[in-house]
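Remarks on the overall topology
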Amino acid sequence: MTSHETDRKSSADHATIRVLVADDDPIFAATAASCLRREDYVVQHAADGYEAFEALGSADFDLAIVDLSMPRIDGFRLIALIRATPRMRMLPIIVMSSRNDVAAIDEAYALGANAFQTKPINWALFPSHMAGVIRTAKLIKDLSGEVERLRAAAKPRPRKSAA
């Protein structure tokens, strides 16, 4: 087994990984879902940014795959909404878009995307890439929790007054 296969399998084996695919192209969404389900990921599709944000608000996901060009709420706005929502702010986001201009890529990262893939996607390699993004996001979340714990422990305690 290669290291990529080990990464992918270990991520999928530890827990059920839930992925939201937000894309208005039904063929792309079906292809993504098929690829990810073969790797034992649980996949839910949202046809636009509004539907995606509603799904994210009503269930816990481990990753969001977001297209930039969608109706109602586009991918840029969806990323901004996710990062502005405390419960979702640590959710890893992979942008998958046919847009390959530097301005779109820079804006997606500035808003909080964790990774950017240009369509067409190499589905044979994508699960390894996705597992790496999920693993990195988990490490960052764990580290953030540890930083908060250390900050709380370092706060000065009130002194007892002598009576």
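Reference entry: report on the structure contained in this document.

Ranked by internal contacts, the top residues of the largest apolar core, which has 25 residues, are Leu-20, Leu-56, Leu-78, Ile-82, Val-95 and Ala-108. Put simply, the parts of the chain that give this core at least two residues each are strand E1 (18–22), helix H3 (49–58), strand E3 (63–66), helix H4 (75–84), strand E4 (93–97) and helix H5 (102–111). The biggest single contributor to this core is H4, with five residues. Those residues in contact with Ile-82 that sit more than four places away from it in its chain are Phe-53, Leu-56, Met-88, Arg-89, Leu-91 and Ile-93. By size, the runner-up hydrophobic cluster in this structure holds 22 residues, among which are Ala-33, Cys-35, Leu-36 and Met-130.

Tallying each qualifying case throughout the model produces two aromatic pairs. Ring centres of Phe-28 and Trp-123 lie 5.6 Å apart, and the angle between their planes is 45 degrees; this geometry places the pair in the tilted category. With a gap of 95 residues between them, Phe-28 in helix H2 (residues 26–38) and Trp-123 in the loop between strand E5 (115–118) and helix H6 (126–154) connect regions that are remote in the sequence. Residue class for Phe-28 comes out buried when judged on its relative accessible area of 11%. Here Arg-18 stacks its cationic end above the ring of Phe-61, 4.5 Å away from the centre of that ring. Over the aromatic face of Phe-28 sits the side chain of Lys-119, whose NZ or CZ is 4.0 Å from the ring centroid.

So, on to the packing of H3 against H4. At a closest axis distance of 9 Å, the pairing of H3 and H4 adopts a crossing angle of 20 degrees. Relative to H4, the element H3 is oriented roughly parallel. Seen along the crossing, H3 lies across H4 with a hand that is right-handed. Contacts between H3 and H4 involve Gly-49, Ala-52, Phe-53 and Leu-56 from the first element and Leu-78, Leu-81 and Ile-82 from the second. Taken together, the residues of the contact of H3 with H4 sort by class into six nonpolar, one polar and no charged.

Scoring rules and cut-offs
Residues numbered from 1 in each chain as written. Predicted model: local features only at pLDDT ≥ 70, side-chain atom pairs only at ≥ 80, totals over all residues. Heavy atoms only, no water. Core = buried A, V, L, I, M, F, W, Y, C linked by side-chain atoms within 4.5 Å. Buried < 20%, exposed > 50% of the residue type's maximum accessible area, 1.4 Å probe, protein only. Helix = DSSP H or I, 4+ residues; strand = E, 2+ residues; numbered from the N terminus. Contact = heavy atoms within 4.5 Å. Phe/Tyr/Trp six-rings, centres within 6.5 Å; stacked < 30°, edge-to-face > 60°. Lys NZ or Arg CZ within 6 Å of the ring centre and 35° of its normal. Axes fitted to C-alpha atoms, helices over the stretch in contact; angles between N-to-C directions. Parallel < 35°, antiparallel > 145°, perpendicular 65-115°, else oblique. Left-handed = near helix turned anticlockwise from the far one by under 90°. Nonpolar A, V, L, I, M, F, W, Y, C, P; charged D, E, K, R; others polar.

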